[in-house]
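# Coordinate inspection notes
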Amino acid sequence: GCVYLSWLIVPAVIISWLTRGAISYDSSDQTALYIRMLGDVRVRSQVGFEPERRSSHPYLCIDFRTLHSNSEPERRIQRLLSFQRYLHSSRLLRGIPQQIPLHILDEDYTGQARCMLEKVGHWNFDIFLFDKFTNGNSLINLTFHLLNQYGMVELFQLDMVKLWRFLVMVQEDYHSDNPYHNAVHAADVTQAMYCYMQEPMLAKSLTSFDILLGLLAAATHDLDHPGVNQPFLIKTDHYLATLYRNTSVLENHHWKSAVGLLRETGLFSHWPAEDSLNMERELGSLILATDISRQNDYLSRFRQHLDQESLCLSNGSHRHFILQMALKCADICNPCRPWELSKQWSEKVTEEFFQQGDVEKKHKLEVSPLCDREINSVGNIQIGFMTYVAEPLFAEWARFSDTRLSQTMLGHMRLNKASWGSLQQEQTLTSEEAETSNASTSREGAAAAPRGTSSKEIPQGSRES
Ligand SMILES: [Zn+2]
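Please read these numbers as outputs of a predicted model, since none were measured by experiment.

The subject of this paragraph is the overall build of the chain. Counting secondary structure elements, the chain contains 22 helices and 0 strands. Per-residue burial for the chain yields a buried fraction of 57% across its 465 residues. Restricting the contact set of the chain to residue pairs at least 6 apart, pairs at least 24 apart contribute 75%. Split by element, the accessible area of the chain, about 19700 Å² in all, is 52% carbon and sulfur.

Okay, structure coming up:
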């Protein structure tokens with residue numbers, strides 16, 4: 001979900017309609033699915049959305065997402081109206097498997113990508129580098145590798161061609177022009193999820209189904225993310241907000257998008273209907289758990305279990321809860337990565353916020369919290385996020401799974417927070433100095449010499465995990 005923003009904007013009413021086992025495929029679910037699968041305006045008119053509504057509303061033609069790209073205006077509009085996938089369908093050889101993978105790359109890069117996968121379970125795995133070595137196909141290659149490593153293809157009798165096609169479509173549905181919510185983030189979350197599922201507490205209790213579910217949920221958890229948050233969709237009267245009644249709008253859409261791809265590729269079509277419906281349902285409950293506005297519910301349930309030592313991982317619903325917590329941790333683990341990786345993620349997510357803020361300003365909408373580049377900085381956003389969101393979650397996770405990895409993550413977070421703190425301080429000092437120096441030299445008419453800005457790296461990224 002859009003994890004970073006809504007922690008400041010906890011909705012007044014959070015309808016927790018999703019209790020496990022209570023999800024049904026009612027008519028609105030089907031509507032969502034059809035819209036997702038057919039994905040354009042014509043369909044919307046059939047299911048009760050008037051197509052002209054979109055163009056008559058002053059904000060609906062804002063292409064908030066493709067502001068990130070330089071494509072020409074007509075194409076931008078088209079990309080908003082249809083879904084990401086339909087734009088790429090001609091380009092990306094869908095349905096013709098085994099065309100994109102590593103063999104079209106430079107041999108050397110292929111080798112290096114393969115080499116990196118040997119360390120896929122290490123916490124300092126550099127997903128940005130892996131994405132380069134795979135020519136931008138990190139999500140496909142990482143997920144395919146992990147599923148094979150676990151022997152999922154044999155265990156669940158998966159059709160390799162369908163599986164590959166599914167993964168290609170998943171990767172395509174992420175918007176590569178989002179600075180943050182793109183396929184590399186999904187690959188990063190999938191890698192983190194794998195690390196957590198390798199932890200002793202989980203490794204000894206998870207079933208093969210749990211593992212398949214966990215990896216698929218991680219890979220699809222932000223599918224077709226528009227690069228703006230839920231409040232933006234609500235205030236611009238986006239049809240997705242209407243469709244999901246302003247509740248977990250993005251997460252519902254990610255889930256339905258994933259279900260659409262599962263059905264379209266028939267990945268589980270050889271399973272009994274009950275089993276594949278169960279997979280879809282559990283995928284939903286994992287993805288919906290990433291809605292950060294529900295963080296406190298999950299955290300207090302987690303705390304309660306830990307206080308009462310009541311978790312019993314032979315119990316399926318308890319394992320499911322732990323998978324939800326693991327996915328939540330994986331989704332917001334950026335502050336727990338080594339500085340060099342963590343810093344890049346911080347800059348990317350901030351840029352996505354600021355781009356939303358720019359659009360809001362341009363269209364005279366109220367600028368969302370954290371989205372105004374004039375009054376926020378990467379550092380202050382990160383420090384707030386760590387303090388109020390990440391630290392409380394990872395503290396409980398470390399109680400649940402008291403391992404070297406958990407301590408490493410908490411250690412990185414502490415250091416990263418200190419680094420942002422000193423960068424902030426340095427920046428403040430620099431601007432104060434500049435002012436003083438400006439004032440003293442202004443009489444001679446000389447401008448203050450530009451000071452070294454705070455781009456200084458704080459070396460702490462090389463620690464072993
Ligand atoms: Zn995410």
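Using the residue numbers shown here, the UniProt feature "binding site: Zn(2+) 2" (unreviewed entry) corresponds to D222. Residue classification places D222 among the buried positions, given a relative accessible area of 0%. There is a polar contact of 3.0 Å between the side chain of D222 and the side chain of H185.

What follows covers the coordination of the zinc ion. Perfect tetrahedral coordination of a metal by four donors corresponds to 109.5 degrees between them, and perfect octahedral coordination by six donors corresponds to 90 or 180 degrees. Note on the zinc ion: its protein donors are H185 (NE2), H221 (NE2), D222 (OD) and D331 (OD). The metal-donor distances range over 2.0 to 2.2 Å. Because the angles between the 4 donor atoms bound to the zinc ion fall within 85 to 171 degrees, the donor set is best described as irregular. Each donor residue of the zinc ion belongs to the same chain, and together they define the spacing H-x35-H-D-x108-D. Remark: D222 occurs in the loop between α13 (208-220) and α14 (230-235) and H185 occurs in helix α11 (residues 183-197); sequence separation between them is 37 residues. You can call H185 buried: its relative accessible area is 0%.

On to the nonpolar core. Soluble, globular proteins show a tendency: their nonpolar side chains are buried together. Judged by nonpolar contacts, the single largest core of 108 residues is most densely connected at W123, Y196, M197, L212, F268, F394 and W397. For this core, the leading source of residues is α11, giving 11 residues. Contact partners of L212, with chain neighbours within four places excluded, come to L147, M152, F156, F268, W271 and M279. The next biggest cluster of nonpolar side chains, apart from the first, holds 12 residues, and it includes L233, L243, L250 and L365.

Over its 14 residues, helix α10 (residues 160-173) runs 20 Å from end to end, which matches the ideal 20 Å to within 8%, given 1.5 Å per residue. Counting buried residues in α10 gives 10 out of 14 residues, a clear majority hidden from the surface. When we look at burial in α10, the residues that qualify are L163, W164, F166, L167, V168, M169, V170, Q171, E172 and D173. Here α10 starts with a cap whose side-chain oxygen sits 2.8 Å from the backbone nitrogen of V161, and that cap is D159.

The general pattern is negative phi for most residues beyond glycine and trans for most peptide bonds. In this structure, S248 is a non-glycine residue whose phi angle is positive, near 40 degrees. Tracing the backbone through its elements, the reader meets S248 in the loop between α15 (239-243) and α16 (249-265). We classify S248 as buried; its relative accessible area is 6%. Phi angles above zero are rare outside glycine, and K364 is one such case at about 55 degrees. Mapped onto the secondary structure, K364 falls in the loop between α20 (339-362) and α21 (378-400).

The subject of this paragraph is the packing of α13 against helix α17 (residues 273-288). With their axes 9 Å apart at the nearest point, α13 and α17 run at an angle of 55 degrees to one another. Between α13 and α17, the angle is such that the two are oblique. At the point where α13 passes α17, the crossing takes the right-handed sense. Together, F209, L212, L213, G214, L216, A217 and T220 of α13 and N278, M279, E282, L283, L286 and I287 of α17 make up the contact between the two elements.

Turning our eyes to something else, we now look at the environment of G227. Within the secondary structure layout, G227 lies in the loop between α13 and α14. Measuring from C-alpha to C-alpha, the distance between G227 and F353 comes to 8.4 Å, with 126 residues separating the pair along the chain. G227 has contacts with N178 and E352, leaving out every residue within four places of it along the chain.

Our focus in this paragraph is the pattern of salt bridges. Under the defined criterion, the tally for this structure stands at 12 salt bridges. Residue R337 pairs with D188 through a salt bridge whose shortest N-O separation is 3.1 Å. Taken together, the residues span a long stretch of sequence, with R337 in the loop between α19 (316-331) and α20 and D188 in helix α11 at a distance of 149 residues. Pair check on accessibility: R337 and D188 agree, each one buried. A salt bridge links R303 to E396; the nearest nitrogen and oxygen atoms lie 3.0 Å apart. With R303 in helix α18 (residues 295-308) and E396 in helix α21, this residue pair connects regions lying 93 residues apart in the sequence. The class of R303 is partly exposed, set by a relative accessible area of 31%. Residue E396 is classed as buried on the basis of its relative accessible area, which comes to 8%.

The next thing to look at is α13. Residues that lie three or four places apart on an α-helix share one face, since the helix turns once every 3.6 residues. Helix length check: α13, at 13 residues, gives a terminal C-alpha distance of 18 Å against a target of 18 Å (1.5 Å per residue), a fit within 8%. With respect to burial, α13 is a largely interior element, 12 of its 13 residues being buried. Among all positions of α13, only F209, D210, I211, L212, L213, G214, L215, L216, A217, A218, A219 and T220 are buried.

Moving on: the confidence of the model for the chain. Low pLDDT marks stretches whose predicted atomic positions should not be read closely. With 71% of its residues at a pLDDT of 70 or more, the chain shows a mean pLDDT of 80. Taken together, the stretch residues 34-105 has pLDDT below 50 and engages in 145 contacts with residues farther than four places along the chain or on a different chain. A low-confidence stretch, residues 442-465 stays under pLDDT 50, and its non-local contacts, those more than four residues away or across chains, total 41 contacts.

Aromatic rings considered in pairs are described by the distance between their centres and by the relative angle of their planes. In this structure the tally under the stated criterion is 14 aromatic pairs. Considering the side-chain rings of F144 and W164, the 4.8 Å spacing of their centres and the 85 degrees angle between planes classify their relative orientation as edge-to-face. Highlighted residues: F144 in helix α8 (residues 138-149) and W164 in helix α10, separated in sequence by 20 residues. Comparing F144 with W164 shows no difference in burial state: the two are buried. Aromatic pair Y180 and W345: ring centres 5.7 Å apart, planes at 80 degrees, arrangement edge-to-face. In this pair, Y180 is assigned in the loop between α10 and α11 and W345 in helix α20, connecting sequence segments 165 residues apart. For Y180, a relative accessible area of 0% puts it in the buried group. Accessibility expressed as a relative area gives 1% for W345, which makes it buried. Ring pairing ties together the aromatic residues W123, Y196, F302, F321, W397 and F400, which thus form one cluster. For K256, the ring lying beneath its charged end belongs to W255, and the centroid distance is 4.1 Å. Across from the ring centre of W123, 3.9 Å away, lies the NZ or CZ of R337, which sits over that ring.

The rules behind the values
Residues numbered from 1 in each chain as written. Predicted model: local features only at pLDDT ≥ 70, side-chain atom pairs only at ≥ 80, totals over all residues. Heavy atoms only, no water. Helix = DSSP H or I, 4+ residues; strand = E, 2+ residues; numbered from the N terminus. Buried < 20%, exposed > 50% of the residue type's maximum accessible area, 1.4 Å probe, protein only. Contact = heavy atoms within 4.5 Å. Areas by Shrake-Rupley, 256 points an atom, 1.4 Å probe, with all protein chains shown as cover. UniProt positions renumbered as here; feature names shortened; annotations may be inferred. Polar contact = N/O pair within 3.5 Å; in protein donor to acceptor, adjacent residues only side chain to side chain. Donors = N, O, S within 2.8 Å, 3.2 Å for Na, K, Ca; no water. Tetrahedral: all angles 85-135°; square planar, octahedral: opposite > 155°, others 65-115°. Core = buried A, V, L, I, M, F, W, Y, C linked by side-chain atoms within 4.5 Å. Expected span 1.5 Å × (residues − 1). Axes fitted to C-alpha atoms, helices over the stretch in contact; angles between N-to-C directions. Parallel < 35°, antiparallel > 145°, perpendicular 65-115°, else oblique. Left-handed = near helix turned anticlockwise from the far one by under 90°. Salt bridge = Lys/Arg side-chain N within 4 Å of Asp/Glu carboxyl O. pLDDT = per-residue confidence, 0-100. Phe/Tyr/Trp six-rings, centres within 6.5 Å; stacked < 30°, edge-to-face > 60°. Lys NZ or Arg CZ within 6 Å of the ring centre and 35° of its normal.

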